[in-house]
Amino acid sequence: GTTPRIRWADGKEQGESMDIVKALDDRYPETPPLFDDASAGLVGKFRECFPRATRPSSRAAFLFRGSGGPVARRDFEATLEKTDALLAERGGPFFAGAAPTAPDIAWAPFLERYAAQLPLLHEGLRPRDATAYPHLARWYDAM
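Residues numbered from 1 in each chain as written. Predicted model: local features only at pLDDT ≥ 70, side-chain atom pairs only at ≥ 80, totals over all residues. Heavy atoms only, no water.

(A) Inspection of the packing of aromatic side chains at higher detail. Tallied over the entire structure, the rule returns 13 aromatic pairs. Note on F76 and Y114: the rings are 5.4 Å apart at their centroids and 85 degrees apart in plane angle, and the pair reads as edge-to-face. One end of the pair, F76, is in helix α4 (residues 73–88); the other, Y114, is in helix α5 (residues 102–121), and 38 residues separate them in sequence. Exposure remark for F76: the relative accessible area of 0% places this residue in the buried category. By relative accessible area, Y114 is classed as buried at 0%. An aromatic cluster is defined as three or more aromatic residues linked by ring pairs; in this entry it consists of F46, F50, F62, F76, F95, W107, F110, Y114, W139 and Y140. (Phe/Tyr/Trp six-rings, centres within 6.5 Å; stacked < 30°, edge-to-face > 60°. Helix = DSSP H or I, 4+ residues; strand = E, 2+ residues; numbered from the N terminus. Buried < 20%, exposed > 50% of the residue type's maximum accessible area, 1.4 Å probe, protein only.)

(B) A look at the nonpolar core. Grouped together as the largest cluster of nonpolar side chains are 28 residues, with contacts concentrated most on F95, W107, L111, Y114, L136 and W139. Taken together, the elements giving at least two residues each to this core come down to α1 (17–27), α2 (37–44), α3 (46–49), α4, α5 and α6 (134–142). Sort the elements by how many residues they give to this core and α5 lands first, with eight residues. Each residue touching F95, except ones within four places of it in the same chain, is listed here: L42, T83, L86, L87, R90, P103, D104, W107, L111 and W139. (Core = buried A, V, L, I, M, F, W, Y, C linked by side-chain atoms within 4.5 Å. Contact = heavy atoms within 4.5 Å.)

As structure tokens, this is what we get:
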């Protein structure tokens, strides 16, 4: 099956991250929404920021080219710079502003992997570096 999956209190199961996020909004309308028009756009920005022509992988997505070699350092740096700039647009620390929303949920698995794996692929490349990527470092701390 797909991940993530949730089994609701009524016994129904559901998969796909953003479908679950939308269902949370529907089931708990008294809480601030996780998914709205602004969030949808920010979820979509992911494709603009992350490296292209990478090998699909559930554990190492956006880390390796189709040929098997790692994505070039400059491409990772561009991804981190674009992500940092996107986080700066709304004052952060989260993608849509002061509270976590759908884009934070969508981006978290990839950015958390980057924090752990990029320093192993390219010495000194640290996504949590507050000097190089201040808004991204703030996001990591807030998450």
